[in-house]
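Now for the letters of each chain:
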Amino acid sequence: MNTVKTILELRAAVARARSEGKRIGFVPTMGNLHSGHAALVTKAAQRADFVVASIFVNPLQFGANEDLDKYPRTLAADQEKLLQAGCHLLFTPNVEEMYPDGMAAQTLVSVPHLSEGLCGASRPGHFEGVATVVSKLFNMVQPDLAVFGQKDFQQLAVIRALVRDLNLPIQIIGEPTVRAEDGLALSSRNGYLTDAQRATAPTIYRTLSRIAQAIGQGRRDFEVLIAEGRQQLVEAGFKPDYLEIRQALNLRPAGAHDRDLVILVAAVLGATRLIDNLHLNLDEQ
Ligand code: PAF
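The rules behind the values
- Positions within a chain are numbered from 1, following the residues in the order the chain's sequence is written.
- Confidence filtering applies because this is a predicted model: local features only for residues at pLDDT of at least 70, side-chain atom pairs given and counted only at 80 or more, and all residues used for totals across whole chains, interfaces and linings.
- Water and hydrogen atoms play no part in the side-chain values, which are based on all heavy atoms of the structure.
- Numbering of helices and strands runs from the N terminus, with a helix taken as a DSSP run of H or I at least four residues long and a strand as a DSSP run of E at least two residues long.
- When we talk radius of gyration, it's over C-alpha atoms, and the globule rule is simply 2.2 Å times the number of residues to the 0.38.
- Any two residues having at least one pair of non-hydrogen atoms within 4.5 Å are treated as being in contact.
- Shrake-Rupley sampling with a 1.4 Å probe provides the accessible areas, and residues are treated as covered by the protein chains on show and by no other component.
- For this count, His and the chain ends are skipped, Lys and Arg are scored as positive, and Asp and Glu as negative.
- Charged side chains are reduced to one point each, which is NZ for Lys, CZ for Arg, CG for Asp and CD for Glu.
- For this description, a residue counts as near a given molecule or strand if any of its non-hydrogen atoms is within 4 Å of it.
- Counting of polar contacts relies on pairs of N or O atoms within 3.5 Å, with two restrictions inside protein: one atom must be capable of donating a hydrogen and the other of accepting it, and residues adjacent in sequence are counted only when both atoms are side-chain atoms.
- Gly falls in the polar group here, along with every residue not listed as nonpolar (Ala, Val, Leu, Ile, Met, Phe, Trp, Tyr, Cys, Pro) or charged (Asp, Glu, Lys, Arg).
- UniProt positions are given in the numbering used here, feature names are shortened, and annotations may be inferred rather than shown by experiment.
- The salt bridge criterion pairs a side-chain nitrogen of Lys or Arg with a carboxyl oxygen of Asp or Glu, the two atoms within 4 Å.
- Relative accessible area decides the class of each residue, using a 1.4 Å probe on protein chains only: under 20% of the type maximum gives buried, over 50% gives exposed, and in between gives partly exposed.

### Observations concerning the overall build of the protein
A tally of regular secondary structure across the protein gives 10 helices and 9 strands. Computed over the C-alpha atoms, the radius of gyration of the protein is 19 Å, within 12% of the 19 Å expected from 2.2 N^0.38 for a compact globule of 285 residues. When the backbone C-alpha atoms are referred to their principal axes, the protein occupies close to 55 × 40 × 40 Å. Pairs at least 24 apart in sequence give 71% of the contacts found in the protein among residues at least 6 apart. Surface accessibility of the protein: about 13,500 Å² in total, with carbon and sulfur atoms responsible for 50%. Seen as two clouds, the 29 positive and the 31 negative side-chain charges of the protein have centres 2 Å apart.

So, in structure tokens, the structure goes:
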């Protein structure tokens, strides 16, 4: 696996692979990789002949009071994991390479509606930062397909919309969330948790599962289910940011007659904000 830092080197390496007739798969990341990321690369390697990954902690998607500076940088360990998972080329640009004229001068990509509410409400500008950097990376790599985790359900919806709206010829693949044995969704931010918080953290998944089970058994009193879920989180020591039941396809609020649902949660434990979701299609049960 080759590691390159400049757009010039990246484009040259991708052009070589393409001239050999290879299909290009892409997995953008912010590094500090875990088995969830490895699953994205493995999926890309199954569907493409040449897999490109990127590691870039994108300042444009972090708010002023967020964890940009303390976000873990673990390049050597990440390179090893990418290699094992079947990655061929790693792109690790710095901020100057990505934003040569500074971030204030950067053209922004904004995806309306889907970026609003949920994480978009508590992290203003976040999805604009994600949509902008992903658009730039797509233009640099020009992949045939790209793989994203379903753990970031709203992010995946935003990226699907931007690809559709900007007519990008890229297939977007959503990969199921990888969980620890106790149900906690793998996330780079789990590393911020103390041992006691780590023991509490799976409550977030238990809360989602309990709501999904109740809906599966026929309950449609969504407001009551949400109130009970919030209570469960608060009792465990979380500060819930949101807990909502939405339509999976468009993230609009769900009503009693909707059948393709997603239950989404963000909650703060200590100083760490965790997100998770559960997709529940009642027609596939
Ligand atoms: O999900 C992430 O790690 C990031 O939001 C992404 C897609 C790499 C863009 O910076």
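### Points about the site of the ligand
Neighbouring the ligand are P28, T29, M30, Q61, V130, V133, F148 and Q155. A distance of 2.6 Å separates an oxygen atom of the ligand from a polar side-chain atom of Q61. Q155 has a polar side-chain atom sitting 2.7 Å from an oxygen atom of the ligand. Starting from 290 Å² of accessible surface for the ligand in isolation, the protein chains cover 89%. For the shell around the ligand, the secondary structure elements donating two or more residues are β2 (24-29) and α6 (126-141). Broken down by class, the residue content of the shell around the ligand amounts to 5 nonpolar, 3 polar and no charged.

### Concerning the UniProt feature "binding site: beta-alanine" (unreviewed entry) in the protein
UniProt marks Q61 with the feature "binding site: beta-alanine" (unreviewed entry), using the numbering shown here. Here Q61 lies in the loop between β3 (50-55) and α3 (75-85).

### Regarding the pattern of salt bridges
The tally for this structure, following the rule as stated, stands at 13 salt bridges. With a shortest N-O distance of 2.6 Å, E66 and R123 are connected by a salt bridge. Remark: R123 occurs in the loop between α5 (119-122) and α6 and E66 occurs in the loop between β3 and α3; sequence separation between them is 57 residues. Since its relative accessible area comes to 29%, E66 is described here as partly exposed. The class of R123 is buried, set by a relative accessible area of 11%. If you follow the salt bridges from partner to partner, you end up with R219, D221 and E228 in one network.

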